[in-house]
Amino acid sequence: MTVFYAIIPSRMKSTRLPEKPLKDIAGRPMVVRVAERAKASGAADVVVATDHEDIVKACEANGVKVVLTSPDHPTGTDRLAETVTKLGLPDEAIVVNVQGDEPLIPTDVVREVAELLAAHPECEMATAGHPIDNIEEFLNPNVVKVVRDAQGNAITFSRAPIPWPRDAFRENKTQLPEGLFPLRHIGLYAYRVKFLKRYPQWEQAPIEKWESLEQLRALYYGVKIAVAILPGALPAGVDTQEDLDRVRKVFARGEA
């Protein structure tokens, strides 16, 4: 069984849902609920990485390990880099980045990306995607797409619709052409610790800045990223009050 660690980056700032990590879900803060899911995935250890004292207090009050990090990190990956250094994890250890606003994330998917990375020593990252089956999602710039190579590694990620079916769209742009199987990227990552230590030392890549996708920095500097294909979408995370209400109902029904 693959040994891996789960780290949950958690920031207080959220324009659509203020103090999001501390929102109550069935008697516990959301960040604690995410930590519980991460622990259930089989992670050897689960740590919240945060820049806010209130999140530290909430984690400590609920028995969740937490590390206070700098407030100046530009990305969650940079925050993880500081965390693995403070934890003293070995370079070959595998860390899964579990987003702090996904209290319904399937535990088997967390484990799957860790196992994928362990099975591919030539890769320093692993992530996941699922098939897109409608034109609206394919054309939506808020939906990140990924294209894989013959070995199942990422060629690129983009908010643009890729691969672009040039000839088919000359005839009809109202539906996906037969045989096109675009993939939606899921923002769940596994990393080797040695990669996390190198990542903050690299300047932001031009394509990373344009697309606002931090994983493009890794590709720009030659890192291989293994991509698992999941059968379908994961439960939606929490970005708005409506999302929070939906998740609370799931917990209230005992379905989480």
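Above this text is the structure in question.
Every chain is numbered on its own, with residues counted from 1 as its sequence reads. For a predicted model such as this one, the threshold for reporting local features is a pLDDT of at least 70, and the threshold for listing and counting side-chain atom pairs is 80 or more; totals across whole chains, interfaces and linings nevertheless cover every residue. The side-chain numbers reported here are obtained from all heavy atoms of the structure, hydrogens and water having been left aside.

S.K.: Hey, could you run me through the overall build of the protein in this one?
M.R.: On a plain count of helices and strands, the protein comes out with ten helices and eleven strands. Its C-alpha atoms give the protein a radius of gyration of 18 Å, within 12% of the compact-globule value 18 Å for 256 residues. When the backbone C-alpha atoms are referred to their principal axes, the protein occupies close to 60 × 40 × 35 Å. Accessible area is worked out with a 1.4 Å probe on protein chains only. A residue is then buried under 20% of its type maximum, exposed over 50%, and partly exposed in between. Expressed as a percentage of its 256 residues, the buried residues of the protein come to 50%. We call two residues in contact whenever any of their non-hydrogen atoms come within 4.5 Å of each other. Across the protein, contacts joining residues at least 24 apart in sequence account for 67% of those joining residues at least 6 apart. Values of accessible area rely on a 1.4 Å probe in the Shrake-Rupley scheme; residue burial ignores everything except the protein chains shown. Carbon together with sulfur atoms contributes 49% to the accessible area of the protein, which is approximately 12,400 Å² in total. Secondary structure counts use DSSP, requiring at least four H or I residues in a row for a helix and at least two E residues in a row for a strand, with both numbered from the N terminus. Radius of gyration: over C-alpha atoms. The globule rule applied is 2.2 Å multiplied by the number of residues raised to the 0.38 power.

S.K.: Is there a simple way to explain the side chain of S10 in this structure?
M.R.: The topology assignment puts S10 in strand β1 (residues 4-10). When sequence neighbours within four positions are dropped, the list of residues in contact with S10 reads P21, V31, V48, A49, T50, D51 and I55.

S.K.: Is there a simple way to explain the nonpolar core in this structure?
M.R.: Side chains of nonpolar character tend, in soluble globular proteins, to be buried together. Among the buried residues, those of types Ala, Val, Leu, Ile, Met, Phe, Trp, Tyr and Cys that are joined through side-chain atoms within 4.5 Å form a nonpolar core. Membership of the largest hydrophobic core comes to 46 residues, with the highest contact counts inside it found for I8, V48, V96, V98 and L188. Non-local contacts of L188, meaning those with residues more than four positions away in its chain, are made with V96, N97, V98, I105, V109, V110, V113, A126, T127 and A128. Core analysis: the next-biggest nonpolar cluster, separate from the first, contains 26 residues, L80, V95, L196 and I225 among them.

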